[in-house]
Amino acid sequence: MSSNALESGLQAGNKKGSTSLLKKKLRKFLNNKLALFGLIVVIIMTLGCVIGAIAGVDFKTPDIKNLKSAPSSLHIFGTDTIGRDLFSRVIYGGCFSILIGVFCSVMSSIIGTVLGAISGYFGGKIDKIIIRISEIFQAFPQLVLVMMIVAIVGERGLKNLLVIFVVTGWMTTYRMVRNEFLSVKGETYVKVSEAFGMSKSRIMFGQILPNVMSPIIVSTTTNVAFFILQEAALSFIGLGVADSTPTWGNILNAAKSVSVVTNQWWIWVFPGLAITLFVLAINFLGDGLRDVLDAKQQ
């Protein structure tokens, strides 16, 4: 009876301690004004884009009477070179840009985490092979891959871009997770788990991985901004998503014309501001999460 009471007391104490730590971290995050600003901006912009897309904003139909029209009460962001409402295109395009950033960041983090865990835990030949594979992918220019796929497939597309970003975007997370596993796998709790005959996969993903999740979360968050910028850059030069699928980068593609840059400033200013604001917000949020979650920053 006394041992049960002691165990219950320990569990209650651990729960209370974890709750107290969570409150402390939450308070620290809320005190970080830039991180809080980033979170609010990300939520507002994401919800705005999603709600606009669900509501069915008309981003396709051109207004022939208002070609290259400046911002007005009828078109608050103006119209593009063929008369399409720029506000609707920025809203709808944001869904695709944010989707690309989030999907590629999450998928590349999953691949990098799994390979990093295997490489860091087992070491030896397995580690060397995976490192060489990562170096090959890292050395191969992303732009060349995009051009190759466009040439082979014969068209630009969202799927092509997603595949390329995921395939070439896992190396940073891989190296980070590998280093964490190399430093943690010698800890006492890992040796005890091995001594009790626990399976390798359970030790890697059930015991070690939860203790190295903080840097992975931060890396995944900041990578969203990276992939959004990558998509915008490739779409700007005409190698990204097809023109029929609006993204912030595709809308900026019109700014390649000198006449548009000098005479129709609204066509590139508003999508440029959307990219800048969202990327800054993601970076502020990532820095705030790093301060809260990374033990080295404490």
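In case you missed it, the structure is sitting above this.
Residues numbered from 1 in each chain as written. Predicted model: local features only at pLDDT ≥ 70, side-chain atom pairs only at ≥ 80, totals over all residues. Heavy atoms only, no water.

Chemist: Mind showing me how you'd approach empty space enclosed by the protein here?
Modeler: To find leftover empty space, a probe the size of one water molecule is rolled over the atoms. In the structure shown here, the tally under the stated rule is one cavity of 30 Å³ or more. If you add up the space inside the largest cavity, you get close to 40 Å³. Lining the largest cavity are Val-146, Val-150, Arg-156, Gly-157, Asn-160, Leu-161, Ile-164, Leu-239 and Gly-240. Elements represented by at least two residues in the lining of the largest cavity include exactly helix H5 (142-153) and helix H6 (158-168). (1 Å grid on protein atoms, 1.4 Å probe; cavity = no way out; pocket = protein on both sides within 12 Å on 5 of 7 lines; lining within 4 Å. Points joined across faces, edges and corners; volume = space filled by probe spheres on them. Helix = DSSP H or I, 4+ residues; strand = E, 2+ residues; numbered from the N terminus.)

Chemist: Teacher, can you tell me more about the layout of surface pockets here?
Modeler: Considering only enclosed or pocket space, the largest pocket measures out at about 190 Å³ in volume. As for the largest pocket, its lining consists of Met-45, Cys-49, Phe-77, Phe-87, Val-90, Ile-91, Trp-248, Phe-270, Leu-273, Ala-274 and Leu-277. At the level of elements, helix H2 (33-55), helix H3 (86-122) and helix H13 (266-293) are the ones that each hand at least two residues to the lining of the largest pocket. The element that contributes the greatest number of residues to the lining of the largest pocket is H13, accounting for four residues. Partitioned by chemical class, the residues of the lining of the largest pocket number eleven nonpolar, no polar and no charged. (Nonpolar A, V, L, I, M, F, W, Y, C, P; charged D, E, K, R; others polar.)

Chemist: I would appreciate a short explanation of the nonpolar core in the present structure.
Modeler: Within soluble globular proteins, side chains that are nonpolar generally end up buried alongside one another. Judged by nonpolar contacts, the single largest core of 25 residues is most densely connected at Leu-86, Val-90, Trp-248 and Phe-278. With nine residues, the top contributor of residues to this core is H13. Beyond its immediate sequence surroundings of up to four residues, Leu-86 is in contact with Phe-77, Gly-78, Thr-79, Asp-80, Ile-251, Trp-266, Ile-267 and Phe-270. (Core = buried A, V, L, I, M, F, W, Y, C linked by side-chain atoms within 4.5 Å. Buried < 20%, exposed > 50% of the residue type's maximum accessible area, 1.4 Å probe, protein only. Contact = heavy atoms within 4.5 Å.)

Chemist: Can you help me understand a nonpolar patch on the surface in this one?
Modeler: On the surface, Leu-99, Val-102, Phe-103, Val-106, Met-107, Ile-110, Val-114 and Phe-205 cluster together into a nonpolar patch covering about 600 Å² of accessible area. Of the residues forming the nonpolar patch, the biggest block, seven residues, is contributed by H3. Residue position: Leu-99 is located in helix H3. A relative accessible area of 44% means that Leu-99 is categorised as partly exposed. (Patch = residues over 30% accessible without salt bridge, like charges linked within 9 Å, V, L, I, M, F, W, Y side chains within 5 Å. Areas by Shrake-Rupley, 256 points an atom, 1.4 Å probe, with all protein chains shown as cover. Salt bridge = Lys/Arg side-chain N within 4 Å of Asp/Glu carboxyl O.)

Chemist: Would you mind showing me how to read the pattern of salt bridges here?
Modeler: Two side chains carrying opposite charge are able to pair once their charged atoms lie near each other. Overall, the coordinates contain five salt bridges when judged by the stated rule. Here Arg-178 makes a salt bridge to Asp-127, at a shortest N to O gap of 2.7 Å. On the criterion of sequence distance, the pair formed by Arg-178 in helix H7 (residues 171-184) and Asp-127 in helix H4 (residues 124-139) is long-range, its members being 51 residues apart. Each member of the pair, Arg-178 together with Asp-127, is buried.

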